[in-house]
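Now for the letters of each chain:
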Amino acid sequence: MKKMKKIFAVILSLAMVLGMSLTAWADPYAGDDGKYGTADDRGSIHVSGITYEEDVTVTAYQIIGAKYENHATDQGKSNGTFSGYKVLYPDVVPAIELPKATEETKGKIEVASIEEAQLTAIMNEINAGNVVSGTTYDMTLSETGVATPDVTKYPNGIPVGSYLVVIKGAETKVYNPVVASIYYTNADGTGNDLDEANFNIEESDTWVKVSDTPKVSKNIIEDGELVKGNSVNIGDVIDYVVTIDPIPNYGGSYPKLNVVDTLNDGLTYYSGKDVSVSIAGAASAGDDIDSMGVEDKILTENKDYKLTISEDKKSITVDFVVNGKYTLNDYVGGTVQITYSAILGKDAQINQDANVNDVTLNYSKDSKVEGEDGTDEDKVYSYTFDIDGCVEGSITKKILTKTGEEIDMTVDKDGDKGLKGAEFTLYTNSECTEIYRNRATGFEGSVESTESGQLPIYGLEAGTYYLKETRAPEGYSLNTHVFKIEIKAEYDTTAKKPETGKLLSWEIKIDDNATSSFSVKYEENQVVGNIEGLNETKIPNTKLTSLPSTGGIGTTIFTIGGCAIMIVAAGLFFASRRKSNAK
């Protein structure tokens with residue numbers, strides 16, 4: 001028979017996510033009919049690394065099984081010959097698919113690798129009670145921390161295939177589900193061939209992955225992705241997602257699991273969007289928001305959690321102990337996701353000073369002991385920028401200045417002359433047809449230059465804008481040039497939380513020229529802005545050319561001459577008519 005790919009490839013791909021696996025050999029086994037690789041074949045799995053506790057349960061759910069040709073269940077008939085593998089949960093999303101066998105590929109069925117999202121989907125099915133009949137096997141945990149199939153129930157072992165092993169009931173640890181397998185291999189260990197060679201059953205000895213404490217993480221949802229730092233306009237609504245991973249198990253009298261989210265002065269809870277709490281897969285910065293979890297389960301307020309929002313809308317608390325009862329034991333090892341929104345207000349910090357959102361997780365280390373509590377925290381950072389001519393905070397240098405000639409001019413402290421009263425309009429497109437407005441800052445699209453020639457426009461997200469003078473001061477000509485203004489920002493993606501997402505630098509380009517660039521340093525909890533480059537852009541206006549004086553001699557002569565000619569012509573016309581009438 002033709003060769004097929006070894007199912008151990010599945011185990012290797014899963015081990016990267018769910019644990020480490022070692023292999024042990026079993027003695028060769030022949031079925032009752034003398035054939036190797038029959039439906040009677042059985043083996044064992046060993047899951048190590050579990051701390052023994054009386055309430056801990058270990059269960060193996062078969063997710064991939066072996067197929068056997070000509071298999072019949074009637075007594076006395078052949079138990080078939082091993083011919084490949086089959087998926088026992090074919091309808092999960094994303095789907096697990098195995099290539100279909102043909103005459104050419106028969107006996108060489110390639111097993112598709114299983115992704116973490118697919119395992120999460122299977123786990124969701126199991127938690128919902130949608131377990132494939134006849135695929136559940138109880139395991140016994142020894143005091144040395146090794147779980148094996150219950151020999152009183154399965155004296156010959158359990159069938160060939162891959163198993164998702166779930167550990168529940170631990171009080172002080174959270175165990176990730178782990179995959180362990182029983183599969184065929186040649187006696188010499190070189191491949192998994194369906195030929196005339198004898199077969200062994202290879203058993204997995206797998207170490208479970210342990211998470212000692214739950215962790216909290218927070219991200220900003222921006223354009224469908226998760227980020228730790230971003231820029232926004234004042235007045236914009238910012239969407240957040242908070243995750244608790246993994247969900248702990250609590251069986252004692254003192255459970256605690258809650259998150260407290262604190263907003264700084266520039267941010268306020270936005271009630272225009274509902275708070276949503278769900279059970280889903282883990283999420284981290286850089287992930288696509290659409291891939292967060294599989295078939296999320298939405299939790300119910302006042303049943304699964306209690307929501308508290310402070311009167312000043314600066315604090316949000318989500319508590320998973322309701323009326324003294326912990327509500328998440330059915331989802332141990334999973335992930336909680338909390339989504340909500342805030343709005344950046346007029347009190348927002350500008351430029352290098354961040355608008356910070358700080359989340360703290362409070363949890364019980366051991367719910368059987370009062371006061372055995374722990375905490376974890378994370379932060380996200382939102383920034384907004386200005387082009388009003390100066391960088392506020394630790395930097396006070398000009399970027400953009402309206403200038404003119406002698407009349408109506410003001411000399412500032414640097415000795416530069418600025419022109420007051422020129423009106424400018426800010427647009428979001430190069431055709432200057434879409435006006436940028438920000439009612440949160442009172443900016444309605446147009447602004448007048450100040451006495452020092454600056455333009456008070458602030459609260460802008462990084463992006464591209466177009467500035468055009470739309471009314472010149474009296475006595476000055478209009479500057480018709482459209483200035484392209486770009487604001488770019490760079491955030492720290494390498495720092496460990498909660499520092500990830502802080503602003504590293506920002507730059508202002510005018511007409512594609514880098515006129516102003518700034519870096520940010522953080523010294524003893526102080527934010528310090530540094531000028532990397534500065535080339536002030538001046539927008540000049542010129543005085544109108546003087547017109548001839550009103551009533552001057554040139555104008556008067558032409559006016560009088562024109563009137564005289566008209567009078568003479570009229571006189572001649574009427575004289576001619578009188579002569580004609582006399583005849």
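Residues numbered from 1 in each chain as written. Predicted model: local features only at pLDDT ≥ 70, side-chain atom pairs only at ≥ 80, totals over all residues. Heavy atoms only, no water.

Chemist: Lay out the overall build of the protein in plain terms, naming residues and giving numbers.
Modeler: When its secondary structure is counted, the protein shows three helices and 41 strands. For the protein, the residues scored as buried account for 45% of the 583 residues in total. Of the contacts formed within the protein by residues at least 6 apart in sequence, a portion of 68% connects residues at least 24 apart. Here the protein displays about 29,200 Å² of accessible surface, and carbon together with sulfur accounts for 48% of that area. (Helix = DSSP H or I, 4+ residues; strand = E, 2+ residues; numbered from the N terminus. Buried < 20%, exposed > 50% of the residue type's maximum accessible area, 1.4 Å probe, protein only. Contact = heavy atoms within 4.5 Å. Areas by Shrake-Rupley, 256 points an atom, 1.4 Å probe, with all protein chains shown as cover.)

Chemist: Talk me through helix α2 (residues 116-127); I want residue IDs and the actual numbers.
Modeler: Here α2 spans 16 Å end to end across twelve residues, near enough to the 16 Å set by a 1.5 Å rise per residue. Within the sequence span of α2, burial applies to Q118, L119, A121, I122, M123 and I126. Where α2 ends, the next residue or the one after it, G129, has phi of about 85°, a positive value. (Expected span 1.5 Å × (residues − 1).)

Chemist: Describe unusual backbone geometry, naming the residues involved and giving the relevant values.
Modeler: A cis amide bond links D245 to the next residue, P246, at an omega of -5°. Among the structural elements, P246 can be located in the loop between β17 (237-245) and β18 (257-263). The linkage connecting K497 with the following residue, P498, adopts the cis geometry, with an omega of 5°. By the element assignment, P498 lies in the loop between β37 (482-491) and β38 (503-510). Within the chain, N351 stands out as a residue other than glycine whose phi angle is a positive 60°.

Chemist: Any chance you could break down the sheet that holds strand β16 (residues 229-231) for me, citing the residues and the numbers?
Modeler: Spatial strand order, β16-β28-β27-β18-β23-β22: six strands in an open sheet with mixed pairing. Of all strands in the sheet, those bounded by a partner on one side alone are β16 and β22 (306-309). Ignoring which end each strand starts from, the neighbouring axes of this sheet average 15° apart. In this structure, β18 lies alongside strand β27 (residues 355-364), joined through seven bridges in antiparallel fashion. Counted as the bridge partner of V259 is L361 from β27. (Pairing = 2+ DSSP bridges. Axes fitted to C-alpha atoms, helices over the stretch in contact; angles between N-to-C directions.)

Chemist: Lay out the pattern of salt bridges with the relevant residues and their values.
Modeler: Summed over all chains, the structure comprises 14 salt bridges. The salt bridge partner of D138 is K153, with a shortest N-O separation of 2.4 Å. With D138 in strand β6 (residues 136-141) and K153 in the loop between β7 (147-149) and β8 (158-159), this residue pair connects regions lying 15 residues apart in the sequence. Using a relative accessible area of 46% as the deciding quantity, one classes K153 as partly exposed. Of the charged contacts, one joins E444 and R439 as a salt bridge, the two residues approaching to 3.8 Å between their closest N and O atoms. Under the relative-accessibility criterion, E444 is labelled partly exposed at 40%. Bridged by salt links that share partners, the residues E423, E448 and R471 form one connected network. (Salt bridge = Lys/Arg side-chain N within 4 Å of Asp/Glu carboxyl O.)

Chemist: Residue-level account of the environment of I510, with values.
Modeler: With respect to the element layout, I510 can be found in strand β38. The exposure class of I510 is buried, given its relative accessible area of 4%. Along the sequence, I510 and E486 sit 24 residues apart, while their C-alpha atoms lie 6.5 Å from each other. If we skip the residues at most four places from it in the chain, I510 touches L400, F483, K484, I485, T515 and T537.

Chemist: Explain the side chain of N438 residue by residue, including any values.
Modeler: Here N438 lies in the loop between β33 (423-427) and β34 (446-448). From its side chain, N438 meets the backbone oxygen of I234 in a polar contact 2.8 Å long. Among all residues touching N438, those that are not within four sequence positions of it are N233, I234, F443 and G459. (Polar contact = N/O pair within 3.5 Å; in protein donor to acceptor, adjacent residues only side chain to side chain.)

Chemist: Summarise the pairing of strand β14 (residues 215-222); cite the residues concerned and give the values.
Modeler: A regular strand places its side chains on the two faces of the sheet in alternate fashion. Summarising the sheet, β14 and β17 pair through seven bridges and their orientation is antiparallel. Directly across from K218, in β17, lies its bridge partner V242. With three bridges connecting them, β14 and strand β15 (residues 225-227) associate as antiparallel partners. Within β15, the residue paired with I221 across the bridge is L226.

Chemist: So what about the pairing of β6? Which residues, and what values?
Modeler: The alternating pattern of β6 places Y137, M139 and L141 on a buried face and T136, D138 and T140 on a face that is not buried. Sheet topology note: the strand β4 (residues 57-69)/β6 ladder contains four bridges and is antiparallel. Paired with A60 across the two strands is Y137, which belongs to β6. Alignment of β6 against β7, held across three bridges, turns out to be antiparallel. Bridge assignment links T140 to a residue of β7, and that residue is T148. Where β6 folds back onto β7 in an antiparallel hairpin, the turn is made up of five residues, including G145, whose phi is positive at roughly 90°.

Chemist: Please set out the confidence of the model for the protein residue by residue, giving values where relevant.
Modeler: Low-pLDDT portions of the prediction should not be read for the details of their coordinates. Mean pLDDT over the protein: 78, with 71% of residues reaching 70 or higher. Ranking the helices and strands of the protein by mean pLDDT puts β22 first, with 98, and strand β1 (residues 19-25) last, with 30. Taken together, the stretch residues 390-396 has pLDDT below 50 and engages in 22 contacts with residues farther than four places along the chain or on a different chain. (pLDDT = per-residue confidence, 0-100.)

Chemist: Give me the packing of aromatic side chains: which residues, what numbers.
Modeler: Counted under the stated rule, the structure contains ten aromatic pairs. Here the aromatic rings of F385 and W506 are separated by 5.9 Å at their centres, their planes lie at 35°, and the arrangement is tilted. Of this pair, F385 sits in strand β29 (residues 385-386) while W506 sits in strand β38, and the two are 121 residues apart along the sequence. In this pair, the class of F385 matches that of W506, namely buried. In this structure an aromatic cluster arises from ring pairing among Y137, Y154 and Y163. Geometry around Y240 places K218 over its ring, the cationic atom sitting 4.2 Å from the centre. (Phe/Tyr/Trp six-rings, centres within 6.5 Å; stacked < 30°, edge-to-face > 60°. Lys NZ or Arg CZ within 6 Å of the ring centre and 35° of its normal.)

Chemist: Requested: an account of the environment of A422, with residues and values cited.
Modeler: Mapped onto the elements of the fold, A422 is located in the loop between β32 (417-419) and β33. A residue is classified by how much of its surface remains accessible, and A422, at 0% relative accessible area, is buried. Spatially, the C-alpha atom of A422 lies 4.8 Å from that of A472, the residues being 50 residues apart in sequence. Setting aside its immediate chain neighbours within four residues, A422 contacts K402, V447, E448, S449, E469, R471 and P473.

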